[in-house]
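# Coordinate analysis (summary)
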Amino acid sequence: MPSPLVTTDWLQDNLDNEHLVLIDASMANVVGKEPIVYDRPMLISGSYRIDLEGTLCDTGAAQAHAFPTEGQFTEEVRRLGISPESLVVLYDNQGVYSAPRAWWILRAMGLKQVFVLDGGLPQWLAEGRDIVSAPVAEAAIQGSVVGKLDRTLVRDSAYVFQHLEDERVTVIDARSQARFIAQAPEPRPGVRGGHIPHSLNLPFTEVLEGYRFKSASQLASTFAQLAPFLQPSNGHQLVFSCGSGITACIILLAAELAGYTQLSLYDGSWSDWGSSKSLPVA
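Residues numbered from 1 in each chain as written. Predicted model: local features only at pLDDT ≥ 70, side-chain atom pairs only at ≥ 80, totals over all residues. Heavy atoms only, no water.

With that settled, the discussion passes to the overall build of the protein chain. When you go through the protein chain residue by residue, the secondary structure sums to nine helices and twelve strands. Over its C-alpha atoms the protein chain spans a radius of gyration of 18 Å, differing by no more than 12% from the 19 Å that the globule rule assigns to 282 residues. Along the longest, intermediate and shortest principal axes, the C-alpha atoms of the protein chain span 50 × 40 × 40 Å. Expressed as a percentage of contacts within the protein chain between residues at least 6 apart in sequence, the contacts between residues at least 24 apart total 81%. Accessible surface computed for the protein chain: about 12600 Å², of which carbon and sulfur atoms make up 49%. With 20 positive and 31 negative side-chain charges, the protein chain shows a spacing of 5 Å between the two charge centroids. (Helix = DSSP H or I, 4+ residues; strand = E, 2+ residues; numbered from the N terminus. Rg over C-alpha atoms; globule rule 2.2 N^0.38 Å. Contact = heavy atoms within 4.5 Å. Areas by Shrake-Rupley, 256 points an atom, 1.4 Å probe, with all protein chains shown as cover. Lys, Arg positive; Asp, Glu negative; His and termini not counted. Charge placed at Lys NZ, Arg CZ, Asp CG, Glu CD.)

In structure tokens, the structure reads:
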């Protein structure tokens, strides 16, 4: 499948696919939007659940929402029965929020057939499709995937700092404009207001329409309007940032939909950069 997205129709038709591994990647904490609240647990039938703030997060790291270690990742995806031939589809209960983060973790750790359900659970419910109240605990047969992190897909503050003046590398920040220009407080104590020098601001809500992503042509127009030098064909490197590396993955996925290929995530994002007094702030 050429797109990193699948539709609800596609998922409905493939729920019995023997290679499908369906995962609810919802998060308890939703920042930057009014959260959708449910009156009871609801999942798509056959779903596993992953914890992006626990089992798929290096809780021993100093930064918020740090990428999991290769060992952590391997243990978790094997529990879910994921093998190299698996078709992994991720969704969340906000439409598009945390599923892109899980998608990028799996991609960066070496999985190729990984997709996000466009519109997630809200779209599924809006179409009157069946749901269940509990996830599948674990796979009957353990998976065989071994995680190997591609470090060109996940950057740190040292990389970003070294490329501040590099015209071939641009940081795009998914936080609100008010936070980007330090007119709204940061939610984490000790984190300064402002943004990484020379970075651009694209609030993640601007790439969405309702529960779903905007069309590829609309997204291409959005990135072109952000800066005229951002062209998919020129090999420009885009590094995506946000508060702590979650919503950055939304605009990273949007960039892939728009045709960009040189993409990476600044893991830790502004919570990491803004809390370090040795790093410059605009």
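Next comes the rest of the description.
The next point concerns the packing of helix H7 (residues 216–226) against helix H8 (residues 248–257). Where H7 meets H8, the closest approach of the two axes is 8 Å, and the angle between their N-to-C directions is 110°. Viewed along their axes, H7 and H8 adopt a mutual orientation that is roughly perpendicular. Facing H7, whose interface residues are Ala216, Leu219 and Phe223, H8 presents Ile251, Ala254, Ala255 and Leu257. A breakdown of the residues in the contact of H7 with H8 according to their chemical character gives seven nonpolar, no polar and no charged. (Axes fitted to C-alpha atoms, helices over the stretch in contact; angles between N-to-C directions. Parallel < 35°, antiparallel > 145°, perpendicular 65-115°, else oblique. Nonpolar A, V, L, I, M, F, W, Y, C, P; charged D, E, K, R; others polar.)

Let us look at the packing of aromatic side chains. Enumeration over the complete set of coordinates arrives at four aromatic pairs. Taking the centre distance of 6.2 Å and the plane angle of 70° together, the rings of tyrosine 97 and phenylalanine 204 count as edge-to-face. Of the two residues, tyrosine 97 is situated in the loop between strand E4 (87–91) and helix H3 (99–108) and phenylalanine 204 in the loop between strand E8 (200–201) and strand E9 (208–209); the sequence distance between them amounts to 107 residues. What makes tyrosine 97 buried here is its relative accessible area of 3%. Seen in terms of ring centroids, phenylalanine 223 and tyrosine 260 are 5.3 Å apart; in terms of plane orientation they differ by 55°. Their pairing is tilted. Of this pair, phenylalanine 223 sits in helix H7 while tyrosine 260 sits in the loop between H8 and strand E12 (263–266); the two residues are 37 residues apart in sequence, bridging distant segments of the chain. (Phe/Tyr/Trp six-rings, centres within 6.5 Å; stacked < 30°, edge-to-face > 60°. Buried < 20%, exposed > 50% of the residue type's maximum accessible area, 1.4 Å probe, protein only.)

This part takes up the nonpolar core. Judged by nonpolar contacts, the single largest core of 64 residues is most densely connected at Ile82, Leu90, Phe213 and Phe240. The greatest single-element share of this core, amounting to nine residues, is contributed by H8. Counting residues in each nonpolar core, the second largest holds 15 residues, with Leu11, Val89, Tyr91 and Phe115 among its members. (Core = buried A, V, L, I, M, F, W, Y, C linked by side-chain atoms within 4.5 Å.)

This part is about the side chain of arginine 175. Note that arginine 175 resides in the loop between strand E7 (169–173) and helix H6 (177–180). Within the structure, arginine 175 has its side chain in polar contact with the side chain of aspartate 173 (distance 2.8 Å). Among residues more than four places away in sequence, those in contact with arginine 175 are Phe180, Glu186, Gly194, His195, Asn201, Pro203, Cys242, Gly243 and Trp270. (Polar contact = N/O pair within 3.5 Å; in protein donor to acceptor, adjacent residues only side chain to side chain.)

Looking now at unusual backbone geometry. One non-glycine residue with positive phi stands out, namely alanine 182, at about 65°. We note that serine 269 has phi near 50°; this positive angle belongs to a residue other than glycine.

Below, the discussion takes up the environment of phenylalanine 73. With respect to the element layout, phenylalanine 73 can be found in helix H2 (residues 70–79). Relative accessible area serves as the criterion here: at 0%, phenylalanine 73 is assigned to the buried category. The contact partners of phenylalanine 73, leaving out residues within four places of it in the chain, are Leu56, Pro68, Ile105, Leu106, Met109, Leu111, Val145 and Gly147.

One pass over the structure, following the stated rule, counts twelve salt bridges. Residues aspartate 118 and arginine 212 are paired through a salt bridge, measuring 3.2 Å at the closest nitrogen-oxygen approach. Of this pair, aspartate 118 sits in the loop between strand E5 (114–117) and helix H4 (120–126) while arginine 212 is found in strand E10 (residues 212–213), placing the two residues 94 residues apart along the sequence. Among the residues examined, aspartate 118 registers a relative accessible area of 8% and is labelled buried. The exposure class of arginine 212 is partly exposed, given its relative accessible area of 35%. As a salt-bridge pair, arginine 175 and aspartate 173 come within 2.8 Å of each other at their nearest N and O atoms. Grouping residues by exposure puts arginine 175 and aspartate 173 together as buried. Salt bridges linked by common partners bring Asp173, Arg175, Arg179 and Glu186 together as one network. (Salt bridge = Lys/Arg side-chain N within 4 Å of Asp/Glu carboxyl O.)

None of this, on its own, says anything about what the molecule does.
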